[in-house]
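Structural characterization, general
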Amino acid sequence: MKKFLSIIVLVLIISMSFAFTACSNATPQGQLGDFWCNKEYFTYTVTDKTVENAPVTGTYFLSIEKKNEGENVTLATDFVLSDVEDGKLVKGYLDINGVTIETTCFFEIASGNNFLVPVASWRKVVESDKTTTTTINYDGTTCTYEIDTNGVLQEGAISYSSPYYDTNEIYNTLRGASTLGTGFSMSFDVPLPAENTAANLTAACSITAKLTSPQESANELYGEGINCYQVNLSRKTDVSGTYYTLFYGTEQMTISNWKITRPLVKIIEGSVEYDLVEVSVLGFID
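Right, let's walk through the structure included here. Computed from a prediction, not measured in an experiment: that's the story for all the values here. (Residues numbered from 1 in each chain as written. Predicted model: local features only at pLDDT ≥ 70, side-chain atom pairs only at ≥ 80, totals over all residues. Heavy atoms only, no water.)

1. What about the pairing of strand β9 (residues 130–139)?
Basically, it comes down to this: Pairs of strands are assigned from DSSP output, requiring at least two bridges between the strands. Numbering of helices and strands starts at the N terminus; helices are DSSP runs of H or I of at least 4 residues and strands are runs of E of at least 2.
Bridge count for strand β8 (residues 114–127) against β9 is eight bridges, and the pairing is antiparallel. In the sheet register, S121 faces β9, and the bridge partner there is I136. Linking two consecutive strands that pair antiparallel, namely β8 and β9, is a turn of two residues; a positive phi of about 55° is found at S128 within it. Relative to strand β10 (residues 142–149), β9 runs antiparallel, the two being bridged by eight bridges. Bridging from a neighbouring strand, Y138 pairs with C143 of β10. A loop of two residues connects β9 with β10, the two strands running antiparallel in sequence, and G140 in this loop sits at a positive phi of about 65°.

Shown next as structure tokens:
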């Protein structure tokens, strides 16, 4: 279980501050765009293969919802953003083997010359009798954070270069890269509150892969298979035994007459795999 949590914490706590490079040599701002529908909801089955021949399964829910200028956005019961700019609220909920991880992040569509800029995020991890809550507020090239572990507080600040992104939006930010494809590569810094530092990551795509349905209930969603860009995510400072791979659909996915652009079909975080089984533009489990 500790190995499983270390993988999840490492990846889902990633916050991005990156400089893009791609075969088109586009600027960072030029590569990013708003390609989401107003409301998108995804369900994944999760399999932890840490113990050979004894996989543990769970469920991961992900939602992305548009928020309009002037709205108030609730990240948690006591964490509300007032009078926001146009942006997206990303929410995630993972439940596996007695561990739950709940995350929220709000990012602005545009801020000055930058796109998909995080404003704040919140994360709660519950394991047995231990509860850890992390809040992050972004301001310029510094974020301030607070980690509450069963009432014991840890506070700090992390500096990084602009543009910057939050851990809870990283996978969705890659969906916003219009140049995503074979030959795509970008490097970025991520503030990691648990380490009180920023790490350097690189996302790169050199091949595509065709994914088939992971279970019978998702056969209609996958059809003959979904062609995907295979994106490898690596950390400059190696973490032994871990690797991250993301699979984004190369074609739009039609759901209830809505077009889902570059859907995230599969996630591999070391020994933990997330497989998409349901997509909706209508509702989400709160």
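2. Here we look at the pattern of salt bridges
Just so we agree on the cut-off: Here, a salt bridge means any side-chain nitrogen of Lys or Arg that lies within 4 Å of a carboxyl oxygen of Asp or Glu. Partly exposed describes any residue whose relative accessible area lies between the buried limit of under 20% and the exposed limit of over 50%, with all areas from a 1.4 Å probe on protein chains only and scaled to the type maximum.
All told, the structure shown has six salt bridges when counted by the stated rule. Its salt-bridge partner being K67, residue E65 comes within 3.9 Å of it at the nearest N-O pair. The burial state of E65 is the same as that of K67; both residues are buried. The partner of E195 in a salt bridge is R235, with the nearest N and O atoms 2.8 Å apart. Separated by 40 residues along the polypeptide, E195 in the loop between β12 (185–192) and β13 (197–211) and R235 in strand β14 (residues 226–235) bring together distant segments of the chain. On the basis of relative accessible area, E195 is assigned to the partly exposed category, the value being 41%. Note on R235: relative accessible area 14%, which makes it buried. In the salt-bridge network here, residues are joined through shared partners; they are K49, K266, E273 and D275.

3. Brief notes about a negative patch on the surface
Cut-off, in case you're wondering: Without a salt bridge and with relative accessible area above 30%, a residue can belong to a patch; like charges are then joined within 9 Å and nonpolar side chains (Val, Leu, Ile, Met, Phe, Trp, Tyr) within 5 Å. Note on areas: these come from Shrake-Rupley sampling with a 1.4 Å probe, and a residue is covered only by the protein chains present in the view. Positive charges come from Lys and Arg alone, negative charges from Asp and Glu alone, with His and the N- and C-terminal ends not counted. Every charge is mapped to an atom, namely NZ of Lys, CZ of Arg, CG of Asp or CD of Glu.
A grouping of E69, D83, E85 and D86 is seen on the molecular surface, where their side chains present a negatively charged patch. Mapped onto the elements, D86 comes out in the loop between β5 (79–81) and β6 (87–96).

4. A few points about the side chain of E40
Just so we agree on the cut-off: Polar contact criterion, stated in full: a pair of N or O atoms within 3.5 Å, where within protein one must be able to donate a hydrogen and the other to accept it, and residues adjacent in sequence count only if both atoms are side-chain atoms. Two residues form a contact once any of their heavy atoms are found within 4.5 Å.
Checked against the element boundaries, E40 lands in strand β2 (residues 39–48). Only 2.9 Å separates the side chain of E40 from the side chain of R175, close enough to count as a polar contact. Other than its neighbours up to four places away in sequence, E40 contacts L62, S63, I64, R175, I260 and S280.

5. A few points about the environment of Y44
The topology assignment puts Y44 in strand β2. In this structure, the C-alpha to C-alpha distance between Y44 and F61, residues 17 residues apart in sequence, is 6.4 Å.

Treat this as a map of the structure, not an account of what it does.
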